[in-house]
Structure formats: C-alpha cells, structure tokens
Amino acid sequence: QVQLVESGGGLVQAGGSLKLSCAKSGRIFILHGMGWFRQGPGKEREFVAAISGIGSMTDYTDAVKGRFTISRDNAKNTLTLQMNSLQPEDTAMYYCAAGSFSRDSSMYKYWGQGTQVTVSS
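Below you will find a few notes about this structure.

Conventions we followed
- Residues numbered from 1 in each chain as written.
- Predicted model: local features only at pLDDT ≥ 70, side-chain atom pairs only at ≥ 80, totals over all residues.
- Heavy atoms only, no water.
- Helix = DSSP H or I, 4+ residues; strand = E, 2+ residues; numbered from the N terminus.
- Rg over C-alpha atoms; globule rule 2.2 N^0.38 Å.
- Buried < 20%, exposed > 50% of the residue type's maximum accessible area, 1.4 Å probe, protein only.
- Polar contact = N/O pair within 3.5 Å; in protein donor to acceptor, adjacent residues only side chain to side chain.
- Core = buried A, V, L, I, M, F, W, Y, C linked by side-chain atoms within 4.5 Å.

**With respect to the overall build of the chain**
At step 1: Broken down by element type, the chain carries 0 helices and 11 strands.
At step 2: Listing each helix as α and each strand as β along the chain from the N terminus yields β-β-β-β-β-β-β-β-β-β-β.
At step 3: Its C-alpha radius of gyration of 13 Å places the chain within 12% of the 14 Å reference for a compact globule of 121 residues.
At step 4: In terms of principal-axis extent, the alpha carbons of the chain reach across some 45 × 25 × 25 Å.
At step 5: Of all 121 residues assigned to the chain, the portion counted as buried reaches 43%.

**Quick notes on the side chain of D90**
At step 1: Relative to the elements of secondary structure, D90 occurs in the loop between β8 (78-83) and β9 (92-98).
At step 2: Within polar-contact distance, the side chain of D90 engages the side chain of R38 at 2.9 Å.

**Here's the deal with the nonpolar core**
Generally speaking, soluble globular proteins have nonpolar side chains that are buried together.
At step 1: One finds W36, L81, M83 and Y94 to be the most contacted residues of the largest nonpolar core, which totals 25 residues.
At step 2: Mapped onto this core, the elements with two or more residues apiece are β1 (2-7), β3 (18-26), β4 (34-39), β5 (46-51), β7 (68-73), β8, β9 and β11 (115-120).
At step 3: With 4 residues, β9 is the single largest residue contributor to this core.
At step 4: Core analysis: the second largest hydrophobic core is formed by 5 residues, F47, A50, A97 and Y108 among them.

This is how it looks when you write it as structure tokens:
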C-alpha cells in the first residue's frame, strides 16, 4: 500500500505564502497522478490541483489559478503545493491524494491525514 504524509500548513496573513509538501512511501509499481484537495469549515471537500504521473500535465481549480503551483519530484517521492497570495477563503484542511489525475476525489485511492492552512485578514 501507499502512505501519504502532508506538512507545511500553518497560520498566515492574507497576501502571504505557504508551501505544502506531501511525502509518499510504500511499494509503487507504476507512476500515477496525484492531487491536492481541501475542505473548509462547513464545506465539502473540493479539488485544488492535480498533476499527472510524470508531471507533464497539471490542472487547477479556477479559484487558485495563478496563485498556486503543483509540482512533484518522483525521485524523492514528494508532491508540493506552493501557495502565494493567500486569501481568507483559502482557509481549509489540505489533503494530498494519489492514484489518479482527476478533479474527482473518488478517483483517488490513497490519502494523507491533512494539514491545516489558516489565512487571517
């Protein structure tokens, strides 16, 4: 099985930046897509960004385009989400996922425990 562990969350003022990381471990036989999702208080989990198996394709929800950047380093088994120009609306628990290149959370088989991002105004 695959295990994912997120890190890098915290408290930041509006306009600030954070960099989230996701470390992947376990037996992996093929390269597969990975993504970031988030869930704010009283809201459903929503898609943030995804990246294909070798990083040749990326996808972002409109709310974060131009502000967030997803990347991966397959040699180091890590996934990264660089978040700039953060807004209070970005406050949420952020989760990394593996197993697909999709906006649909149900397409991902593996999930991390989440890391909290809080943006103050």
